[in-house]
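The residues making up each chain are set out below.
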Amino acid sequence: DAGITQSPRHKVTETGTPVTLRCHQTENHRYMYWYRQDPGHGLRLIHYSYGVKDTDKGEVSDGYSVSRSKTEDFLLTLESATSSQTSVYFCAISSDPAETQYFGPGTRLLVL
Amino acid sequence: AQTVTQSQPEMSVQEAETVTLSCTYDTSESDYYLFWYKQPPSRQMILVIRQEAYKQQNATENRFSVNFQKAAKSFSLKISDSQLGDAAMYFCAYISSGTYKYIFGTGTRLKVLA
């Protein structure tokens, strides 16, 4: 299994609170991704990174920001959490965009 | 914009039987990649099979095979000799060559009946 972890695995927070999710990899893969998974929507890309300090928006990036200061860590921040951001968040890594993505175990976030 | 459609929200198959999950996509690109991912109840996403669009030969991985019809923009997954462990959500995904953005379908929940 690819070495990819996410923390925390579960989080409950209140509306308006900032939240940061962490993705950590030990595979030295260049590409990292954040997705959210909601019933009826499959997985939707929030942000992605194609190198240290190189990031770009996905299809549902509003309300989210990311940072990647080193190869192994990719942080997703909800600046001011809203109930619509209640979801399961997955991090993924790949050596090349056309190659297999390896997914983390997911973080279940509940915003009250 | 590219889209991926999985028209079967849920399917059932008897153990040891064969089932086919459908996926269609819309793109104007000629060079791209297609994937099937499996998500069991543990939520861990796992690659099932990968297809390169420029290859005419259908990809196969043990009991899993695809029927890739490029002109029809269809990419179905066939699971032979279904096992209880195949019960999961299955997602079809697409990425155009030279881009970074995967596009996923909404998933098909497969139930395997003993």
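To be clear, the structure that these remarks concern was listed above.
Residues numbered from 1 in each chain as written. Chains lettered and ligands numbered in written order. Predicted model: local features only at pLDDT ≥ 70, side-chain atom pairs only at ≥ 80, totals over all residues. Heavy atoms only, no water.

### A closer look at the overall build of chain B
- Scanning chain B from terminus to terminus reveals 0 helices and 12 strands.
- In sequence order, chain B lays out its α and β elements as β-β-β-β-β-β-β-β-β-β-β-β.
- By the compact-globule yardstick of 13 Å for 114 residues, chain B fits well, its C-alpha radius of gyration being 14 Å.
- Looking at chain B as a whole, 47% of its 114 residues qualify as buried.
- Relative to all contacts within chain B whose residues are 6 or more apart in sequence, the contacts with residues 24 or more apart total 54%. (Helix = DSSP H or I, 4+ residues; strand = E, 2+ residues; numbered from the N terminus. Rg over C-alpha atoms; globule rule 2.2 N^0.38 Å. Buried < 20%, exposed > 50% of the residue type's maximum accessible area, 1.4 Å probe, protein only. Contact = heavy atoms within 4.5 Å.)

### Overview of the layout of surface pockets
- Considered as a void within the structure, the largest pocket measures approximately 430 Å³ in volume.
- Taken together, 21 residues form the lining of the largest pocket, with A:Gln37, A:Pro39, B:Gln39, B:Met89 and B:Arg109 sitting closest to its centre.
- Among the secondary structure elements, those contributing two or more residues to the lining of the largest pocket are strand E4 (31-38), strand E9 (87-94) and strand E11 (107-111) of chain A together with strand E10 (88-96) and strand E12 (108-113) of chain B.
- Per-element accounting of the lining of the largest pocket gives the leading share, 3 residues, to E10(B).
- Of the residues assigned to the lining of the largest pocket, the class counts are 10 nonpolar, 7 polar and 4 charged. (1 Å grid on protein atoms, 1.4 Å probe; cavity = no way out; pocket = protein on both sides within 12 Å on 5 of 7 lines; lining within 4 Å. Points joined across faces, edges and corners; volume = space filled by probe spheres on them. Nonpolar A, V, L, I, M, F, W, Y, C, P; charged D, E, K, R; others polar.)

### Comments concerning a nonpolar patch on the surface
- Together, A:Val12, A:Leu110 and A:Leu112 make up a nonpolar patch on the protein surface, roughly 290 Å² of accessible area in all.
- Among the secondary structure elements, A:Val12 is positioned in strand E2 (residues 10-13). (Patch = residues over 30% accessible without salt bridge, like charges linked within 9 Å, V, L, I, M, F, W, Y side chains within 5 Å. Areas by Shrake-Rupley, 256 points an atom, 1.4 Å probe, with all protein chains shown as cover. Salt bridge = Lys/Arg side-chain N within 4 Å of Asp/Glu carboxyl O.)

### Let's talk about the sheet that holds strand E1 (residues 4-7) of chain A
Residue and element names in this part refer to chain A.
- What the 4 strands build is an open sheet, ordered E1-E3-E8-E7; its pairing is antiparallel. Looking along the sheet, the strands with just one partner apiece sit at the ends: E1 and strand E7 (64-70). This sheet shows a mean twist of 20° between the axes of neighbouring strands, independent of strand direction.
- Strand direction decides the pairing type here: E7 and strand E8 (residues 73-78), joined by 5 bridges, are antiparallel. Residue pairing in the sheet places Ser-65 in a bridge with Thr-77 of E8. (Pairing = 2+ DSSP bridges. Axes fitted to C-alpha atoms, helices over the stretch in contact; angles between N-to-C directions.)

### A closer look at the pattern of salt bridges
- Per the stated rule, a full pass over the model turns up 10 salt bridges over all chains.
- Put simply, A:Arg44 and A:Asp38 hold a salt bridge, and the shortest N to O gap is 2.9 Å. Take A:Arg44 and A:Asp38: they sit in the same class, and that class is buried.
- Residue B:Asp86 is joined to B:Arg63 by a salt bridge in which the shortest nitrogen-to-oxygen separation is 2.8 Å. Of this pair, B:Asp86 sits in the loop between strand E9 (74-79) and E10 while B:Arg63 is found in the loop between strand E7 (60-61) and strand E8 (64-69), placing the two residues 23 residues apart along the sequence.
- Here the salt bridges do not stand alone but share partners, grouping A:Glu99, B:Arg50, B:Glu52 and B:Lys55 into one network.

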